[in-house]
Amino acid sequence: MIQEESFSVLHKKKRVRLLTLRNPNGMRVKITNYGAKIVSLLVPDKHKHGKPVDVVLGFNTFEEWRDKETYFNAIIGRYANRIKGGKFSIDGTHYQLPINNGENSLHGGVEGFNEKVWDIVGQTAYSVSLHLTAQDGEEGYPGKLDVYVTYRLTRENGLVIMYEAKTDKPTILGFTNHAYFNLEGEGCGDVRNHYLQVFADEYTPFDDTACPTGEILPVEGTPMDFREPIRVGDRIDDPFFAPGRGIDNNWVLKKSSGSVQRSVKMENASERSELIPELAAVVKAGERTMEVWTTMPGLQVYTGNFVEKNIGKSGREYDVQTAICLEAQNFPDSPNHSNFPNAVLRPGEVYFEQTEYRFC
């Protein structure tokens, strides 16, 4: 059972807290400001006498969240996914990030946003807003960055995540939430019987370091074709994916604009209404369905290929492929490919993106 008192601790001189949000249908989510993580997400299940089922992996105590799987259900930044060689340039100035994944930089570096204690700046019964300031030069990234993330439950059983950021110097950024889902319930075995549909005609192939080559290729005729619902277990062992591991790939989402060059930046926040989330993916397991709606241009599907054996919050064991992540994002290594969506944010601009996990 989640030990709420264990979250009331000081970590690096900042207070860790655990907050609970509810909607009228009995959906509940617990959020901690440590890494802005989803600690639990209980979704009503009418086929089990209305008893909510927790559909994200996780742990009972702050110490476990700190020491075990650090990316579980966290906000990832300053840049989600991989940057090739940890290198990028802005306006002719070259930057080097820490290398923490083979020869690449992953998920914001050695100490990304997933390990920071965020400030809670707003809360209602159904929403919470968190703020984080990343300093100029932190983890090698330029610019002092102010980030706001809001979690909000809807009456239609959706969990909306809104991202907003401003910088005082040109920088790169791209956020995601790294939620580990099992729609049968956390700890209820692997995700091979989950059915996945991704609304994408194209994908970004990667090299032997798992970074994109810069190409954008059609999914047709490849194991990346999930345009119709496919049982995950029927594809996960295909040698096209990480041999012996599973899926960890980026899809180019279909957008109404028809272009992958959609900017994620605005001159002011009033332009938010122009960014309308579109259906990116659908996952189904048993009688439960989850839709992913997002303004982001890409979707990384990851089948928990490197989850370590751990005992989770219900006392059941986690292992590889016991969860599926659907990470709405900018493309991996986008700053190094001119044909990928823009990842540069400049002073005076506002970054705004939104993703919703909607349960049916």
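Going by the structure above, here's the rest.
(A) Representation of the pairing of strand 10 (residues 93-96) within the structure. Sheet analysis places strand 9 (residues 87-90) next to strand 10, joined by 4 bridges and oriented antiparallel. Each bridged residue has a counterpart across the sheet, and for Ser89 the counterpart in strand 10 is His94. Linkage of strand 9 to strand 10, two consecutive antiparallel strands, is achieved through a turn of 2 residues, within which Asp91 is found at a positive phi near 55°.

(B) Molecular detail of the packing of aromatic side chains. Applying the stated rule across the entire model yields 19 aromatic pairs. Taken together, a centroid distance of 6.4 Å and an interplanar angle of 55° make the contact between Phe72 and Tyr318 tilted. Placement of Phe72 in the loop between helix 1 (62-67) and strand 7 (75-76) and of Tyr318 in strand 28 (residues 317-318) is noted, with a sequence separation of 246 residues between them. In this structure Phe72 comes out as buried when scored by relative accessible area, which is 0%. Judged by centre distance (5.3 Å) and plane angle (85°), the rings of Phe240 and Phe241 are edge-to-face. Phe240 sits in the partly exposed class, given a relative accessible area of 33%. In textbook terms, an aromatic cluster arises when at least three aromatic residues are bridged by ring pairs, as seen for Phe59, Trp65, Phe72, Tyr180, Tyr302 and Tyr318. Over the ring of Phe226 we find Arg235, and its NZ or CZ is 5.1 Å from the ring centre.

(C) Highlighting the state of the cysteines. Following the criterion strictly, the structure yields 0 disulfides and no others. Cys325 carries a free sulfur, and the closest cysteine sulfur to it, the one in Cys188, is 17 Å from it. Exposure remark for Cys325: the relative accessible area of 0% places this residue in the buried category. With no disulfide of its own, Cys360 has Cys325 as its nearest cysteine by sulfur position, at a separation of 20 Å.

(D) Structural context of the pattern of salt bridges. Per the stated rule, a full pass over the model turns up 19 salt bridges. For Asp67, the salt bridge is made with Arg66, and the minimal N-O distance between the two is 2.8 Å. One salt bridge in this structure joins Lys116 and Glu138, with 3.4 Å as the shortest N-O distance. Of the two residues, Lys116 is situated in the loop between strand 11 (105-106) and strand 12 (119-123) and Glu138 in the loop between strand 13 (127-134) and strand 14 (145-153); the sequence distance between them amounts to 22 residues. The buried category is assigned to Lys116, whose relative accessible area is 17%. According to the relative accessible area criterion, Glu138 is partly exposed, its value standing at 22%. A cluster of three or more residues bridged by salt bridges with shared partners is formed by Lys12, Glu111, Lys116 and Glu138.

Rules used throughout
Residues numbered from 1 in each chain as written. Predicted model: local features only at pLDDT ≥ 70, side-chain atom pairs only at ≥ 80, totals over all residues. Heavy atoms only, no water. Pairing = 2+ DSSP bridges. Helix = DSSP H or I, 4+ residues; strand = E, 2+ residues; numbered from the N terminus. Phe/Tyr/Trp six-rings, centres within 6.5 Å; stacked < 30°, edge-to-face > 60°. Buried < 20%, exposed > 50% of the residue type's maximum accessible area, 1.4 Å probe, protein only. Lys NZ or Arg CZ within 6 Å of the ring centre and 35° of its normal. Disulfide = S-S within 2.5 Å. Salt bridge = Lys/Arg side-chain N within 4 Å of Asp/Glu carboxyl O.

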